[in-house]
Amino acid sequence: MKKSYTITLDEEKVEEIRIWLEEKGLSFSGYLNSLIDEQLKAMKLYGDVDSPVTVLGVMKVFKKMVGNLNESKKK
């Protein structure tokens, strides 16, 4: 279920991102949802702060994020 939230962000940075997203046919909301989703996955993946973070692990998370962005583009 989706819910509307009120947040405060730096306008200049958001505009830069919006321009890039529009060129790719992506929405800002979809982008934020993807970031949150991947952050949650990363938190679960690296939940133990004593575990080492590997380049391969970070690349896997990034790959999934790109996939999610592409999926939101199709909707």
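Residues numbered from 1 in each chain as written. Predicted model: local features only at pLDDT ≥ 70, side-chain atom pairs only at ≥ 80, totals over all residues. Heavy atoms only, no water.

**Examining the environment of Ser34**
The criterion, for reference: Here a strand is any run of E in DSSP of at least two residues, a helix any run of H or I of at least four, and the numbering for each starts at the N terminus. Exposed residues in this analysis have more than 50% of their type's maximum accessible area, buried residues have under 20%, and partly exposed residues fall in between, with area computed by a 1.4 Å probe over protein chains only. Only heavy atoms matter for contacts: two residues are in contact if any of them lie within 4.5 Å across the pair.
Along the chain, the position of Ser34 falls in helix 2 (residues 28-45). Given a relative accessible area of 4%, Ser34 falls into the buried group. In this structure the C-alpha to C-alpha distance between Ser34 and Glu71, which are 37 residues apart in sequence, comes to 9.8 Å. Those residues in contact with Ser34 that sit more than four places away from it in its chain are Met65, Asn68 and Leu69.

**What to know about helix 3 (residues 55-74)**
Heads up, the condition is: To estimate the expected span of a helix, count its residues, drop one, and scale the result by 1.5 Å. Arc, as used here, means the arc of the directions from the helix axis to the C-beta atoms.
For helix 3, with 20 residues, the first-to-last C-alpha span of 29 Å sits near the 28 Å given by 1.5 Å per residue. For helix 3, the full list of buried residues reads Gly57, Val61, Met65 and Leu69. For helix 3, the arc enclosing every buried residue in end-on projection is 115 degrees, short of the 170-degree limit, so these residues lie on one face. When the buried face of helix 3 is taken as reference, the exposed residues oriented beyond 90 degrees from it are Val55, Leu56, Met59, Lys63 and Lys74.

**Some words on the nonpolar core**
Stated formally: Side-chain atoms within 4.5 Å are what join buried Ala, Val, Leu, Ile, Met, Phe, Trp, Tyr and Cys residues into a set we call a nonpolar core.
Membership of the largest hydrophobic core is limited to seven residues, which are Val14, Leu21, Leu26, Phe28, Tyr31, Met65 and Leu69. When neighbours within four sequence positions are excluded, Met65 is seen to be in contact with Tyr31, Ser34, Leu35 and Glu38.

**Thoughts on helix 1 (residues 11-24)**
Over its 14 residues, helix 1 runs 20 Å from end to end, which matches the ideal 20 Å to within 8%, given 1.5 Å per residue. Immediately beyond the C-terminal end of helix 1, within one or two residues, lies Gly25, with a positive phi of roughly 75 degrees.

**A short note on a negative patch on the surface**
Note the threshold: Grouping into patches uses exposed residues only, defined as over 30% relative accessible area, and leaves out salt-bridged ones; the cut-off is 9 Å for like charges and 5 Å for nonpolar side chains (Val, Leu, Ile, Met, Phe, Trp, Tyr). Only the protein chains shown count as cover for residues, with accessible areas throughout obtained via the Shrake-Rupley method and a probe of 1.4 Å. We count a salt bridge whenever a side-chain nitrogen from Lys or Arg sits within 4 Å of a carboxyl oxygen from Asp or Glu. Note that His is not counted, nor are the chain ends; the positive residues are Lys and Arg, and the negative ones are Asp and Glu. For this purpose, a charge sits on NZ of Lys, CZ of Arg, CG of Asp or CD of Glu.
Among the surface-exposed residues, Glu11, Glu12, Glu15, Glu22 and Glu23 lie close enough to one another that they form a single negatively charged patch. With respect to the element layout, Glu23 can be found in helix 1. Here Glu23 falls in the exposed class, since its relative accessible area comes to 60%.

The values are spatial; any link to function lies outside them.
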